[in-house]
Amino acid sequence: MSKRPVVLVVMDGVGISNNELGNAVKNAYTPTLDELWKTCPHTEIKAHGLAVGLPSDGDMGNSEVGHNALGCGQIYSQGAKLVNESISSGDMFTTETWKELISNCENGTMHFLGLLSDGNVHSHINHLKSLLSQAKKDGVKEARLHILLDGRDVPETSALIYVDEIEAYMAALNDDQFHACIASGGGRMNITMDRYEANWAMVEKGWHTHVLGEGRMFASAKEAIETYRNETGVVDQDLPPFVIAKDDQPVGTIEDGDSVILFNFRGDRAQEISLAFDGDESFDKFDRVRIPKVMYAGMLQYDADLNIPHHFLTYPPKIKFTLSEYLVNKGIRQYAISETQKFGHVTYFWNGNRSEKFDNELEDFVEIKSDVVPFDQRPWMKSAEITDVLVEAILSGKYDFLRTNYPNGDMVGHTGDYEATIIGVEAVDLNLKRIKKAVDAVNGILIVTADHGNADEMYEKPKKEGAALKAKTSHTLNKVPFIIYNRDVTMDEGDFGLANVASTVAKLLELEPDSHWLPSIIK
Ligand SMILES: O=C(O)[C@@H](CO)OP(=O)(O)O
Ligand SMILES: [Mn+2]
Ligand SMILES: [Mn+2]
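Each value, and the rule that gives it
Residues numbered from 1 in each chain as written. Chains lettered and ligands numbered in written order. Predicted model: local features only at pLDDT ≥ 70, side-chain atom pairs only at ≥ 80, totals over all residues. Heavy atoms only, no water. UniProt positions renumbered as here; feature names shortened; annotations may be inferred. Helix = DSSP H or I, 4+ residues; strand = E, 2+ residues; numbered from the N terminus. Contact = heavy atoms within 4.5 Å. Donors = N, O, S within 2.8 Å, 3.2 Å for Na, K, Ca; no water. Tetrahedral: all angles 85-135°; square planar, octahedral: opposite > 155°, others 65-115°. Buried < 20%, exposed > 50% of the residue type's maximum accessible area, 1.4 Å probe, protein only. Near = heavy atom within 4 Å. Polar contact = N/O pair within 3.5 Å; in protein donor to acceptor, adjacent residues only side chain to side chain. Areas by Shrake-Rupley, 256 points an atom, 1.4 Å probe, with all protein chains shown as cover. 1 Å grid on protein atoms, 1.4 Å probe; cavity = no way out; pocket = protein on both sides within 12 Å on 5 of 7 lines; lining within 4 Å. Sits in = over half its atoms within 2 Å of the grid points. Nonpolar A, V, L, I, M, F, W, Y, C, P; charged D, E, K, R; others polar. Domains from an automatic or database assignment. Points joined across faces, edges and corners; volume = space filled by probe spheres on them. Pairing = 2+ DSSP bridges. Core = buried A, V, L, I, M, F, W, Y, C linked by side-chain atoms within 4.5 Å. Axes fitted to C-alpha atoms, helices over the stretch in contact; angles between N-to-C directions.

As annotated in an unreviewed UniProt entry, the protein chain carries the name 2,3-bisphosphoglycerate-independent phosphoglycerate mutase and is attributed to Copranaerobaculum intestinale. Quoted verbatim from the Function (unreviewed entry) heading of the UniProt record, the comment on the protein chain is "Catalyzes the interconversion of 2-phosphoglycerate and 3-phosphoglycerate." As recorded by UniProt, the Sequence similarities (unreviewed entry) comment attached to the protein chain reads in full: "Belongs to the BPG-independent phosphoglycerate mutase family."

Structure follows, in C-alpha cells:
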C-alpha cells in the first residue's frame, strides 16, 4: 500500500537564486526548508516562459499559469499567447462579439478598461494599441481609456512610461473622425482589480471612478499620478483613483449605448468587475447607483463554467485532463486550502480555471479569510491559521491528497519591502515544520514546491554599478524548488517544469500517470 496522504505545499513566490543581494529566500532563517533540501530528494524546476505556456522565455511566471501547469500536467498556450495570436491573425476582429461591440456604440463611446503595462501577467499594452487602432478602422468615433496603474508586474514607479506611450499612440490616431483619451484610473491594488472577493470595496471604488466619473478630478493622468506621488508617496499599484475632467466635467463616464472592453486576459482579478457590469438587478455586492445599458466584453472568458463574462473576444485555453478530475475518477479524496488571496489559486487555477468542484463528495475546499491590510504590515499573513486547519485535515485520515498555498513569499514580495518579505518566508518555514510533523504522524509524503519566484529578488538590477537600490515588486524568472519528503525516490535526469508535477503526484499515490501529462520527475 502506498504511503498516504500526499501533501503538496506551494510556497507562492519562493524561487531559487544564488544572488545574495535582496534575496529574501536565501537570507531568511529557514531551518526546515534547509534541512529538507539537504536530506531529501530534490531538484529545481522551471516555472516561467515556454515551460508554462507563455509567449517567450522572457516572460516571468505567475500564479495563474503556474497553478494551471501544476494542476493539469500539461503546457497549454496561455491567455497572453492566445490573445497575441488572435490579434495578429486578425481573428479577433472577425468575431461576432467584436462586430457587436462596434455596432453597439455607433452613436456612443467605446471604453477600454484594464491594466496599463507590458507585464504580460494580466494584460499587455500592445493588445490595447491593437484594439484602439482597429476600433478606429471599424468606424468608432469616441474611445475612452480607464487605466489601472501597475507597478507590480513592472517596476514599482513606471506608470508614466506607459501613460506617455499610450497617449502618444492615441495622439497619432486622433483626427477629425476619431478621438481617444484617458478618462479615469487608479492603482491596481487600490481600485477595480480585487480577487476572490477579498475586498469588494475596491471594485465599488472602481465603479464610481470609471462608470460614474466620481472622484478627485485632474486635467491629465500625468497630473494625477504626479500629484498623488507628491502628496502620499505611494507607489503605482496603490495610487488613489482619479477622474479626468474638462471644465469640471468628467471626459468619459460610461453611459447607455456605450461598449466596454476589459482588456485584461487573466481571470482572477477580472471577475468581480465583470460581474458588476454583467449583473442584473439581483447583483448585491455593492450599490452601483446607475447601471448603464452597455455591451460589455472581456478579452477572455474568465470562468467558462460560470459564464463570466457573457461576452468575450478570445476563447480561454480549454484545460482538460486535470489531476483533480483524474483523481476524482480514481476515488481519491482531495483537500485544498489557502487564505482568500490565494484560495482560487489552489482551486480555480489548479483545476484549469474552473471554480466548481469535479465531485462534491470527494473534494473539500477551505478558505481562511485574508486580512485586508498592506501585507508588509502582517508578513505572516494567515499562515498559522491555514496550518491549524490543514494539520487537522492531515491527521483526520479523510484525505489521500491535500494541497495548500502559502502566499507570503509572493504577497509580501509584491510590496517591495525586503525585511518584511524575509519575515514572510520565515513564517512559511515555521509552518512547514508543523506540516512535516503532521505528515510524520501519519507516515505520509510531503512535496514542497513553488509556482514562480518573487521573494528571491527584492531589488531591481541596478542600471549602473553603485546606483541606489530600487525595490523590485514583480515576479522573477528563477526556477523553484521541488522536494519530496519521507519517500525514498530517485529524481530522473531532465529539464523539468511545473507541468511535470502532476505525473509525479500520481506516481507517489502509486497510480499510473495520465498519458496526456508530461513525465514524472521521479523514476
Ligand atoms: O497579484 C497578482 O495579480 C499577480 C501579479 O500580477 O501575482 P500572482 O500571479 O502571484 O497572483
Ligand atoms: Mn503566485
Ligand atoms: Mn504574485
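Text resumes after the structure shown.
Observations regarding the side chain of Gln 134
Residue placement: Gln 134 occurs in helix H5 (residues 125–137). In this structure, Gln 134 is in contact with Phe 93 and Trp 98, ignoring residues within four places of it in sequence.

Examining the UniProt feature "domain: BPG-independent PGAM N-terminal" (unreviewed entry) in the protein chain
With numbering aligned to this structure, UniProt lists the feature "domain: BPG-independent PGAM N-terminal" (unreviewed entry) at residues 83–303. The annotated region residues 83–303 carries 34% helix and 20% strand content, and the separation between its end C-alpha atoms amounts to 16 Å.

Re unusual backbone geometry
Note: most residues except glycine have negative phi, and most peptide bonds are trans. The amide bond that connects Arg 4 to the next residue, Pro 5, takes the cis arrangement and shows omega of -5 degrees. Along the polypeptide, Pro 5 turns up in the segment before strand S1 (6–11). The residue after Ile 308, namely Pro 309, is reached through a cis peptide bond having omega -10 degrees. A positive phi angle, close to 65 degrees, is found at Asn 120, a residue other than glycine. Within the secondary structure, Asn 120 is located in the loop between strand S3 (109–116) and H5. Of note in this structure, Tyr 196 is not a glycine but carries a positive phi near 50 degrees. With respect to the helices and strands, Tyr 196 occurs in the loop between strand S5 (179–187) and helix H7 (200–210).

Details of the coordination of the manganese ion (ligand 3)
Taken together, Asp 410 (OD), Asp 410 (OD), His 414 (NE2) and His 475 (NE2) make up the protein donors of the manganese ion (ligand 3), found 2.1 to 2.4 Å from the metal. One can describe the site at the manganese ion (ligand 3) as irregular: its 6 donor atoms subtend angles covering 57 to 168 degrees at the metal. Look at where the donors of the manganese ion (ligand 3) fall in the sequence and you get D-x3-H-x60-H. Distance-wise, the manganese ion (ligand 2) is placed 4.4 Å from the manganese ion (ligand 3). Under the relative-accessibility criterion, Asp 410 is labelled buried at 2%. Judged by relative accessible area, His 414 falls into the buried class, the value being 3%.

As for the site of ligand 1
As a matter of local geometry, ligand 1 sits amid 17 residues, with Ser 63, His 122, Asp 153, Arg 266 and Arg 269 nearest to it. Within the side chain of Arg 266, a nitrogen or oxygen atom sits 2.8 Å from an oxygen atom of ligand 1. Surface burial for ligand 1 is 100%, taken as the share of its 310 Å² of free accessible area covered by protein chains. Of all the cavities here, the one that holds ligand 1 is the largest cavity. Along the lines of polarity and charge, the residues of the shell around ligand 1 split into 1 nonpolar, 7 polar and 9 charged. Taken domain by domain, the makeup of the shell around ligand 1 includes at least three residues from each of domain 1 (6–78 + 318–508) and domain 2 (80–314).

A few points about the coordination of the manganese ion (ligand 2)
Under ideal tetrahedral coordination, the four donors around a metal are separated by 109.5 degrees; under ideal octahedral coordination, the six donors are separated by 90 or 180 degrees. Coordination of the manganese ion (ligand 2) by the protein involves Asp 12 (OD), Ser 63 (OG), Asp 451 (OD) and His 452 (NE2), with metal-donor separations of 1.9 to 2.2 Å. When the donor residues of the manganese ion (ligand 2) are listed from N- to C-terminus, their spacing reads D-x50-S-x387-D-H.

Overview of helix H11 (residues 340–349)
The buried fraction of H11 is high, at 10 of 10 residues. Turning to H11, its buried residues are Thr 340, Gln 341, Lys 342, Phe 343, Gly 344, His 345, Val 346, Thr 347, Tyr 348 and Phe 349. Next to the buried residues of H11 lie helix H2 (63–72), helix H9 (271–278), strand S12 (334–339), strand S13 (363–368), strand S14 (401–406) and helix H13 (408–411).

Quick notes on the environment of Val 9
Relative to the assigned elements, Val 9 resides in strand S1. The spatial distance from the C-alpha of Val 9 to the C-alpha of Asp 118 is 30 Å, given a sequence separation of 109 residues. Leave out the neighbours within four places in its chain, and Val 9 touches Thr 404, Tyr 406, Leu 432, Ile 435, Leu 446, Ile 447, Val 448 and Thr 449.

With respect to empty space enclosed by the protein
Summed over all chains, the structure comprises 2 cavities of 30 Å³ or more. By volume, the largest cavity amounts to about 70 Å³. Along its surface, the largest cavity is lined by 13 residues, and Arg 152, Arg 195, Arg 266, His 414 and His 475 are the ones closest to its centre. Partitioning the lining of the largest cavity into residue classes produces 1 nonpolar, 4 polar and 8 charged. Inspection of the lining of the largest cavity shows a minimum of three residues originating in each of domain 1 (6–78 + 318–508) and domain 2 (80–314).

Quick notes on the pairing of S14
Within S14, 6 of the 6 residues are buried, which leaves the element mostly enclosed by the surrounding structure. Taking every second residue as pointing to the same face, both faces of S14 are buried, with Phe 401, Arg 403 and Asn 405 on one and Leu 402, Thr 404 and Tyr 406 on the other. When S1 meets S14, the two strands line up parallel, connected through 6 bridges. When the bridges of S14 are listed, Val 9 appears paired with Thr 404. In the sheet, S12 pairs with S14 via 4 bridges, with the strands oriented parallel. Of the residues in S14, the one forming a bridge with Gln 334 is Phe 401.

Some remarks on the nonpolar core
The biggest cluster of nonpolar side chains holds 145 residues, and the ones touching the most others in it are Trp 98, Met 110, Phe 112, Leu 131, Leu 132, Phe 401 and Ile 435. With 8 residues, helix H14 (residues 418–442) is the largest single contributor of residues to this core. Both of domain 1 (6–78 + 318–508) and domain 2 (80–314) provide at least three residues apiece to this core.

Side note on the sheet that holds S13
If you trace the 7 strands from one edge of the open sheet to the other, you get S2-S16-S15-S1-S14-S12-S13, paired in mixed fashion. The strands lining the two open edges of the sheet, one partner per strand, are strand S2 (42–45) and S13. Direction aside, neighbouring strands of the sheet carry axes that sit 15 degrees apart on average. Summarising the sheet, S1 and strand S15 (residues 445–449) pair through 5 bridges and their orientation is parallel. For Val 6, the partnering residue across the bridge sits in S15 and is Ile 445. In the packing of H11 onto the sheet, contacts are made with S12, S13 and S14, and the angle to S12 comes to roughly 155 degrees.

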